[in-house]
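So the chains spell out like this:
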Amino acid sequence: MAFLFGGTRQYEIKKNKTILARINHDKSLITHHHIPCAEHTLHYVSSPNINTQTQAKSTVVFVHGTPGSWASFSRYFENNNITNDFSIHAIDRPGWGESGYDKNQFPYSLSEQSRLIGPMLEAIWKSNNQHKVLLVGHSLGGSLVPKLAVDYPQYVKGVIVLAGDLDPELSEARWFNKAMTWLPEFCFPKSWVDSNKEVLAIQPSLADLQVEFSALSMPISVLQGSHDGLVRPENAAKASAIFSSAEVEVIMLDGASHIINLTHVSEVKDAITNMFKKCC
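Residues numbered from 1 in each chain as written. Predicted model: local features only at pLDDT ≥ 70, side-chain atom pairs only at ≥ 80, totals over all residues. Heavy atoms only, no water.

## Quick look at the overall build of the chain
Then, number 1: Check the secondary structure of the chain and you find eleven helices and eight strands.
Then, number 2: Oriented by its inertia axes, the alpha-carbon framework of the chain measures out at about 55 × 40 × 40 Å.
Then, number 3: Within the span of the chain, comprising 280 residues, buried residues form 53% of the whole.
Then, number 4: Partitioning the contacts of the chain with sequence separation of at least 6, the portion at a separation of at least 24 is 75%.
Then, number 5: Surface accessibility of the chain: about 12,400 Å² in total, with carbon and sulfur atoms responsible for 54%.
Then, number 6: Averaging the locations of the 24 positively and 27 negatively charged side chains of the chain gives two centres separated by 4 Å. (Helix = DSSP H or I, 4+ residues; strand = E, 2+ residues; numbered from the N terminus. Buried < 20%, exposed > 50% of the residue type's maximum accessible area, 1.4 Å probe, protein only. Contact = heavy atoms within 4.5 Å. Areas by Shrake-Rupley, 256 points an atom, 1.4 Å probe, with all protein chains shown as cover. Lys, Arg positive; Asp, Glu negative; His and termini not counted. Charge placed at Lys NZ, Arg CZ, Asp CG, Glu CD.)

## Here's the deal with the environment of I272
Then, number 1: Here I272 lies in helix α11 (residues 265–279).
Then, number 2: For I272, a relative accessible area of 1% gives the class buried.
Then, number 3: Taking the C-alpha atoms as reference points, I272 and S245, 27 residues apart in sequence, are found 20 Å from one another.
Then, number 4: With sequence-adjacent residues up to four places away left out, I272 is seen in contact with V60, F62, F86, L134, V136 and I160.

## Here's the deal with the side chain of N261
Then, number 1: Along the chain, N261 falls in helix α10 (residues 260–263).
Then, number 2: You can call N261 buried: its relative accessible area is 3%.
Then, number 3: A distance of 3.3 Å separates the side chain of N261 from the side chain of H138, its partner in a polar contact.
Then, number 4: Apart from the residues within four sequence positions on either side, N261 is in contact with S72, F73, Y76, H138 and L162. (Polar contact = N/O pair within 3.5 Å; in protein donor to acceptor, adjacent residues only side chain to side chain.)

## Some details on the environment of S171
Then, number 1: In this fold, S171 is placed in the loop between β6 (156–162) and α6 (175–180).
Then, number 2: When neighbours within four sequence positions are excluded, S171 is seen to be in contact with D165, I202, Q203, L206 and R232.

Laid out in structure tokens, this is it:
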């Protein structure tokens, strides 16, 4: 079973790279946006071919995990079943892809990531005729999107968590994450070091955010694979208690692994459709 999941993961990652190469400079599928800040630049991409009426009502912002970039959602931009129904955007989190960060200090915590992402959400909101958007986050991005909703309720109307850590007790880093800290950082590529520090920071970040999460009142959906080897599936079972003031829907995907953003696109699309029915 582990071999099958590993094979699927490698296949999907390779497929995603092929899709990225195909669409990255295709202006009929995506447009690139760069936002200059005081000490860095932020980057996100958008689907350009949505009419204004649909865009205002059904705009989605995807947030990737670690390591990663907006390209984690490449296949969504050439999926007509999605782009015909939604205006979609995918961001590069600060420190990943083409997005930088300030003060030469990588923003490892969820709160710091959220602080720096604000200008991108504002820009998307303004381009969306100041209509609120739906956030969809995968993995660490799934842990982050509730914090974005807490910090920017003026831009956000709903949240979908894909395989994200939510409970501090269940988000303890794996042994291999801790083992990386036993060796000097120069032994690893910088992306590995930054990603590992983000993973190690999830547990304390979530511990600090539980009170804020309990106050969220917008609709929240959680999709979780039952055979996820990176995020403990029990996180999903605790979602209703964590988001105690929200209407929470939990969808367990039987047999699914961690990369449900790649392997279960139709289920993600259905969750987005259902979320907009709740929000509008």
